[in-house]
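Examining the three-dimensional arrangement
Take a look at the letters that make up each chain.
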Amino acid sequence: MSQTENVDFVREIIAEDLRTNKFSGRVHTRFPPEPNGYLHIGHAKSINLNFGIAREHAGGQCNLRFDDTNPEKEEQEYVDSIIADVRWIAGNIDERIYYASDYFEQMYAWAVDLITKGKAYVCDLNADQIRETRGTLTEPGRDSPYRNRSVEENLDLFARMRTGEFPDGSRTLRAKIDMASPNINLRDPIMYRIVHERHHRQGDAWSIYPTYDWAHGLEDSIEHITHSICTLEFENHRPLYDWYLDALGVYHPQQIEFARLNLTYTVLSKRRLLQLVQEKRVHGWDDPRMPTIAGYRRRGYTSEAIRTFCDKIGVSKKDSMIDVALLEWSIREDLNKHAQRAMAVLSPLKVVITNYPEGRTEEVPALNNPEDENAGTRMIPFGRELYIEQEDFREVPPPKYHRLSPGKEVRLRAAYIIRCESVMKDAAGNVAEIHCTYDPDTKSGGPNANKKVKGTIHWVSASHAVDAEVRLYDRLFSKEDPNDIPEGKSFLDFINPDSLKVLTGCKLEPMLANAAPGSRFQFERVGYFCVDAKDSTPGVPVFNRTVTLKDTWAKIEQRGA
């Protein structure tokens, strides 16, 4: 999407800043994740926004900066996954990868500066006591009894906090602002807390760690960010962001807030996503049902489709709920244009063509992608015995059923017209095999190639078929807003029991046997699928359903209404 097509209020602010030369003509943004979980689709919106804005301007830059200030919840696994996800969504990030923890020494020095100026103090109240004295939206807070400690005592205590002399939670460093401020965030907020925990980068070098509000603006200032783009929950924190930078007298970026992504049938709370993983409700952070970027990638989504989705939903100041069908539409549109077609039978029923010569095999040409004239064709083996989908045959067909039934004809995709002559059943009376005849003149190029029949079905040659496992993924939640939880219920109560169905013994055309992990295909008449990047092996493929060919949930919702 071009810059002129994609103007929103954030870009309007930046355009005005460029017009007035506010930051000397620079545009420098950042994406600052906390490495305490995997990134989700909401983060993709921010990645697309921040890196997109940088690329729209000559010389623009965007940093990937880890806000790694909480060692109790951070892991190297999360760091590695975030880097992979950002590169996948944003493309080349010029190795602009930074860590807040690399600035700890400078942050500490600035904290000492505020203490020296009488604008910060060491407080001995515990967390509960601080909450009790903070006040409410209608009542002012109360001063801490330690608020008026001398500069010398505060400097001494803060230095001893750093060396690890005091236990966790026994002391904090707080900014001295205004306990009566109508903005609770300005009522002497905590800048540092004591945490004796090994840091994934700094090891045991620190016993105190900065809070997000203290670190956030300082990181932006150190990196000379021009526009610090955050989600709306930080709007009330902006006065504190500004206060810290002004009190220090350092370079001051501009914070801008936009509405975070809310998606139907989806939870994006990192706490809840972690709960799903820890309770094994899903198979890890990259489970294809998860709304994580890693989950979407494993499911077969493309980065282009996710960026298209982010562009279409736009950027606003007002919270709203986006229909997940728009995300599914984005991937359908992308894969329809680019995914190679293939034939796969998920619930096989054997067909024997009784008038086709035994032992004979031929190859028929099939289009790789009718949407792409340059995609060419492939040759598919055809023989006397085939597999078709069970649902493509009915012994007693319902009205308007145009697939195979006794005495009826259908066209086999890219091959011949066949006619059902008889039905073979097992001891239980179930259809086990159907016998058909074919018209050899109805193959493409034959004298009856243009013969009209009402139905066309897909198939796979039985002697050439590749056995595969196919995982039918669907929406993880059955409730439109799983965050809207009735009393006595949990969001877990709304997990869709049909979010995963595993099919074995599926029959695929032979070219799919060694498809590369992550490869995407349209299984004709079935849906879009990709080779699972973890569990698939050469000759024993595992395919994940990315999305159905059509929005089946719309029909489900209409029936419910």
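What comes next concerns the included structure. Residue positions are given per chain, counting from 1 as you read along its sequence in written order. Given that this is a predicted model, residues contribute local features only at a pLDDT of at least 70 and side-chain atom pairs are listed and counted only at 80 or more, while totals for whole chains, interfaces and linings are drawn from all residues. Remark: hydrogens and water are excluded; side-chain values derive from all non-hydrogen atoms of the structure.

**Focus: the overall build of the protein chain**
Secondary structure follows DSSP: runs of H or I at least 4 residues long count as helices, runs of E at least 2 residues long count as strands, and numbering of each begins at the N terminus. A tally of regular secondary structure across the protein chain gives 13 helices and 25 strands. Along the first, second and third principal axes, the C-alpha set of the protein chain runs to 100 × 55 × 45 Å. Taking all contacts inside the protein chain whose residues are at least 6 apart in sequence as the whole, residues at least 24 apart take part in 71%. Element-wise, carbon and sulfur atoms account for 46% of the exposed surface of the protein chain, whose accessible area totals about 25200 Å². The contact criterion used throughout is that any non-hydrogen atoms of two residues lie within 4.5 Å. Surface accessibility in these figures is a Shrake-Rupley result with a 1.4 Å probe; residues are shielded only by whichever protein chains are displayed.

**Quick word on the packing of aromatic side chains**
Only centres within 6.5 Å qualify two rings of Phe, Tyr or Trp (six-membered ring in Trp) as a pair; their planes then separate them into stacked at under 30 degrees, edge-to-face at over 60, and tilted for everything else. Taken as a whole and assessed by the stated rule, the structure comprises 24 aromatic pairs. Ring centres of Phe521 and Phe543 lie 6.1 Å apart, and the angle between their planes is 65°; on these two criteria the pair is classed as edge-to-face. With Phe521 in strand β23 (residues 520-523) and Phe543 in strand β25 (residues 542-548), this residue pair connects regions lying 22 residues apart in the sequence. The cut-offs for exposure are 20% and 50% of the maximum accessible area for each residue type, with area from a 1.4 Å probe on protein chains only; residues under the lower value are buried, those over the upper are exposed, and the others partly exposed. Overall, Phe521 belongs to the buried group, its relative accessible area being 6%. The buried category is assigned to Phe543, whose relative accessible area is 0%. Cluster of aromatic residues (ring-pair linked, three or more members): Phe104, Tyr108, Phe158, Tyr192, Trp206, Tyr209, Trp214, Trp243 and Tyr244.

**A short note on the sheet that holds strand β5 (residues 172-175)**
Spatially, the four strands line up as an open sheet ordered β4-β5-β6-β7, and their pairing is antiparallel. The sheet is open, and its two edges are formed by β4 (120-123) and β7 (208-210), each paired on a single side. Averaged over all pairs of adjacent strands, the angle between strand axes in this sheet comes to 20°, irrespective of strand direction. Strands qualify as paired when DSSP identifies two bridges or more between them. Two elements, β5 and strand β6 (residues 190-194), share three bridges in a ladder whose sense is antiparallel. Within the sheet, the bridge partner assigned to Arg174 lies in β6 and is Ile190. Angles shown run from 0 to 180 degrees and are taken between the N-to-C directions of axes, each axis being a line fitted to C-alpha atoms and, for helices, limited to the stretch in contact.

**Some details on empty space enclosed by the protein**
Grid points spaced at 1 Å and placed over the protein atoms alone form the basis of the search, with a cavity being a set where a 1.4 Å probe fits but cannot get out and a pocket an open set showing protein on both sides within 12 Å along at least five of seven lines. Lining residues have an atom within 4 Å of a point. Grid points are joined across faces, edges and corners, and a volume is the space filled by probe spheres set on the points. Per the stated rule, a full pass over the model turns up one cavity of 30 Å³ or more. Here the largest cavity defines a volume of roughly 40 Å³. Lining the largest cavity, in full, are Tyr212, Asp213, His216, Phe234, His237, Tyr241 and Gln255. Among the elements that take part in the lining of the largest cavity, helix α7 (residues 212-222) stands out by supplying three residues, more than any other. Partitioning the lining of the largest cavity into residue classes produces three nonpolar, three polar and one charged. Gly falls in the polar group here, along with every residue not listed as nonpolar (Ala, Val, Leu, Ile, Met, Phe, Trp, Tyr, Cys, Pro) or charged (Asp, Glu, Lys, Arg).

**A word on the sheet that holds strand β3 (residues 97-99)**
If you trace the three strands from one edge of the open sheet to the other, you get β1-β2-β3, paired in parallel fashion. In this open sheet, the two edge strands, each paired with only one partner strand, are β1 (28-31) and β3. Each adjacent strand pair in this sheet contributes to an overall mean axis angle of 35°, direction not counted. Pairing of β1 with strand β2 (residues 61-66) involves four bridges; the strand directions are parallel. By the bridge assignment for β2, Thr29 is matched with Cys62. Contacting β1, β2 and β3, helix α3 (residues 76-90) runs over the sheet at an angle of about 160° to β2.

**Description of the pattern of salt bridges**
What counts as a salt bridge is simple: a side-chain nitrogen of Lys or Arg found within 4 Å of a carboxyl oxygen of Asp or Glu. Following the criterion strictly, the structure yields 47 salt bridges and no others. The partner of Asp286 in a salt bridge is Arg298, with the nearest N and O atoms 3.4 Å apart. Residue Asp286 is located in the loop between α9 (270-278) and α10 (293-299), and its partner Arg298 is located in helix α10; the two are separated by 12 residues in the primary sequence. You can call Asp286 buried: its relative accessible area is 14%. The structure contains a network of salt bridges with shared partners spanning Asp286, Arg298, Glu469, Arg471, Asp532, Lys534 and Asp535.

**A short note on the pairing of β2**
In terms of burial, β2 is largely enclosed, as five of its six residues are buried. Handedness of the crossover joining β1 and β2 through helix α2 (residues 41-55) is recorded here as right-handed. Where β2 lies against β3, three bridges are found, and the strand directions are parallel. If you follow Leu64 over to β3, its bridge partner there is Ile97. Assignment of crossover handedness uses the view with strands pointing away from the viewer, where a clockwise path from the first strand over the helix to the second indicates a right-handed crossover.

**What about α9?**
Taken residue by residue, α9 has Arg272, Leu273, Leu276 and Val277 as its buried positions. Burial along α9 is one-sided: seen end-on, the buried residues are contained in an arc of 145°. Exposed and facing more than 90 degrees away from the buried side of α9 are Arg271 and Gln278. Immediately downstream of α9, the backbone of Lys280 shows phi near 60°, a positive value. To obtain the arc, one takes the directions from the helix axis to the C-beta atoms.

**Points about the layout of surface pockets**
Roughly 570 Å³ of volume is contained in the second largest pocket. For the second largest pocket, the lining is made up of 24 residues, of which His43, Thr231, Glu233, Phe234 and Arg260 are closest to its centre. Looking at the lining of the second largest pocket, the elements that each hand over two or more residues are β1, α2 and β8 (227-231). Of the residues forming the lining of the second largest pocket, the biggest block, four residues, is contributed by α2. Partitioning the lining of the second largest pocket into residue classes produces 12 nonpolar, six polar and six charged.

**Things to note about the side chain of Arg149**
Within the element layout of this structure, Arg149 appears in the loop between α5 (127-133) and α6 (151-162). Whenever a nitrogen or oxygen atom comes within 3.5 Å of another N or O atom, the pair is scored as a polar contact, on the condition that within protein one atom can donate a hydrogen and the other can accept it, and that pairs from neighbouring residues in sequence are kept only if both atoms are in side chains. Here Val122 takes part through its backbone oxygen, which lies 2.8 Å from a polar atom of the side chain of Arg149. With near-sequence residues (within four places) excluded, Arg149 lies in contact with Val122, Cys123, Asp124, Asn154, Leu157 and Arg171.

**Focus on the packing of α2 against helix α11 (residues 303-313)**
Interhelical geometry of α2 versus α11 gives an angle of 75° and a closest axis separation of 9 Å. Between α2 and α11, the angle is such that the two are roughly perpendicular. Where α2 approaches α11, its residues Ile41, Ala44, Lys45 and Asn48 are matched on the opposing element by Ile306, Arg307, Phe309, Cys310, Asp311 and Ile313. Split by residue class, the contact of α2 with α11 holds six nonpolar, one polar and three charged. In this scheme, roughly parallel covers angles under 35 degrees and roughly antiparallel covers those over 145, while 65 to 115 is roughly perpendicular and the rest are oblique.

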